[in-house]
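So the chains spell out like this:
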Amino acid sequence: MTAEADGGRIATVRLGNDGPLVGVQGLGCMGISEFYGATDEAGARKTLEAALELGVTLFDTADIYGIGRNEEFLAPFVAAHRDEITLASKFGIVRDPDNPDSRGVNNDPAYIRRSVEASLRRLGTEVIDLYYMHRHDPAVPFAESVGAMAELVAEGKVRHLGLSEVTGAELRAAHAVHPIAAVQSEWSLFSRDAERSLVGAAAELGVAVVAYSPLGRGFLTGSFQDAGSDLSAGDFRRLQPRFSGDNAKANGRLLDPVRKAAKAHDATLGQIALAWVHQRAAVHDMAVVPIPGTRRASRVRENTAASRITLDELELKWLEPIAGQVAGDRYPDMSATSAARE
Ligand SMILES: NC(=O)c1ccc[n+]([C@@H]2O[C@H](COP(=O)([O-])OP(=O)(O)OC[C@H]3O[C@@H](n4cnc5c(N)ncnc54)[C@H](OP(=O)(O)O)[C@@H]3O)[C@@H](O)[C@H]2O)c1
């Protein structure tokens, strides 16, 4: 399913039956602008270039990351490399700049139309390659919401469609309105909700899974032990139940088998976490593209190298029970996730 890696560059894989050919690992750009502490922007620009050199072509943003700032940050990179990259953005989560912690969901066709125009303007481009519905509002039928997204394809404003945090049944319903190239879900050694129904449906329909937070937001790398004491005051991970206090302590112990596998491969914990996600492609016979987020060029090299690690049966067996033992939810409020609807 993936084309062989060429020298230092990663292999490629197609998103969906007729979607773009992308590097088998993408780059999550969210943390550059918000959620995970301060960013050195010049360093982050070098990270984008380093990623592209290593064969990373799928760059992931959303209108809400930094409330528009992440898309604006990407604009010069997009302008310099428009034809070399697959640019992905999202609409559907509504934030209030005066109350940044608040969240709403909007799938109304008129809102979708306004959102795409705003994203195109901030990104400084005439077309978004992959446009995702960030969260699904069950009150708006897919015929209306995906119908409006399909009109954007017909008008040349977006090239391919995606959904995020949907169930298998929701994917099937949306795909019947217009082909979906990729679904984006949290998928990692710590988060396997997507396997309940989404992964099977995606494999059957030929839809790629883009795995977000594949490093468990950094926890799986061992870079922090307790968000409450180790991370800065505004860091979003302090609000996520699994990363603080007793939960974090218990979840830290779950990293032992990851350490064991890392030792066997002379690899880092993060590389084992990513290799496990990459290997889901063979397990489920489908396209799987993790999009680890990093602001540092050196980490892109480390992360992309993980796409060349193959875990053996015994190592996979060590890692298998981890997700089932994680203490604490993924989000402080799970109501807008696929898990809440199945
Ligand atoms: N669809 C959705 O609802 C949704 C939700 C969340 C995220 N996303 C997307 O998915 C992308 C990735 O997810 P994420 O950023 O939340 O989580 P992640 O990729 O699991 O982890 C990112 C964290 O890990 C650190 N990190 C990265 N590589 C590392 C390495 N090799 N060693 C040690 N630490 C490392 C990063 O810090 P440094 O930056 O300091 O390296 C950052 O703090 C986001 O950027 C975003 O585009 C989508």
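Our structure is the block above this text.
Structure report, in brief. Since the model is a prediction, treat every value here as computed from it, not as a measurement.

Regarding the overall build of the protein chain
Assigned secondary structure in the protein chain consists of 14 helices and 12 strands. Since a compact globule built from 342 residues should have a radius of gyration of about 20 Å, the 19 Å found for the protein chain is in line with a globular shape. The contacts of the protein chain with a sequence gap of at least 6 include a subset with a gap of at least 24, amounting to 74%. Accessible area for the protein chain stands at about 13800 Å²; split by element, carbon and sulfur atoms hold 50% of it. Of the charged side chains in the protein chain, 37 are positive and 46 negative, and the gap between their average positions amounts to 4 Å.

Quick look at unusual backbone geometry
One non-glycine residue, E165, lies in the positive phi region at around 55°. With a relative accessible area of 1%, E165 lands in the buried category. The phi dihedral of D266 falls on the positive side, at around 50°, and the residue is not glycine. Tracing the backbone shows D266 in the loop between α10 (256-265) and α11 (269-284).

Considerations on the nonpolar core
L48, L58, F59, L163, L171 and V183 are the most contacted members of the largest nonpolar core, which totals 110 residues. Here the element with the most residues in this core is α11; it accounts for 8 residues.

Some points on empty space enclosed by the protein
One pass over the structure, following the stated rule, counts 1 cavity of 30 Å³ or more. Its boundaries defined by the atoms lining it, the largest cavity holds a volume of some 30 Å³. Along the walls of the largest cavity sit Q25, G26, L27, A51, V56, P292, T294, V300 and N303, which together make up its complete lining. When grouped by side-chain class, the residues that make up the lining of the largest cavity number 5 nonpolar, 4 polar and no charged.

Focus: the packing of helix α2 (residues 41-53) against helix α3 (residues 69-81)
α3 packs onto α2 with a crossing angle of 35° between their chain directions and a minimal axis gap of 11 Å. Handedness of the crossing formed by α2 with α3: right-handed. In this structure, α2 contributes E41, A44, R45, L48, E49 and L52 to the contact, and α3 contributes F73, L74, P76, F77 and H81. Grouping the constituent residues of the contact of α2 with α3 by class yields 7 nonpolar, 1 polar and 3 charged.

Thoughts on the site of the ligand
Around the ligand, a shell composed of 30 residues is seen, among which Y36, D60, L215, T294 and R299 lie nearest. Between an oxygen atom of the ligand and a main-chain N or O atom of M30, the distance comes to 3.2 Å. Within the contact set of the ligand, an oxygen atom lies 3.1 Å away from a side-chain nitrogen or oxygen of R237. Protein chains bury 96% of the 910 Å² of accessible surface belonging to the ligand in isolation.

Thresholds applied
Residues numbered from 1 in each chain as written. Predicted model: local features only at pLDDT ≥ 70, side-chain atom pairs only at ≥ 80, totals over all residues. Heavy atoms only, no water. Helix = DSSP H or I, 4+ residues; strand = E, 2+ residues; numbered from the N terminus. Rg over C-alpha atoms; globule rule 2.2 N^0.38 Å. Contact = heavy atoms within 4.5 Å. Areas by Shrake-Rupley, 256 points an atom, 1.4 Å probe, with all protein chains shown as cover. Lys, Arg positive; Asp, Glu negative; His and termini not counted. Charge placed at Lys NZ, Arg CZ, Asp CG, Glu CD. Buried < 20%, exposed > 50% of the residue type's maximum accessible area, 1.4 Å probe, protein only. Core = buried A, V, L, I, M, F, W, Y, C linked by side-chain atoms within 4.5 Å. 1 Å grid on protein atoms, 1.4 Å probe; cavity = no way out; pocket = protein on both sides within 12 Å on 5 of 7 lines; lining within 4 Å. Points joined across faces, edges and corners; volume = space filled by probe spheres on them. Nonpolar A, V, L, I, M, F, W, Y, C, P; charged D, E, K, R; others polar. Axes fitted to C-alpha atoms, helices over the stretch in contact; angles between N-to-C directions. Left-handed = near helix turned anticlockwise from the far one by under 90°. Near = heavy atom within 4 Å. Polar contact = N/O pair within 3.5 Å; in protein donor to acceptor, adjacent residues only side chain to side chain.

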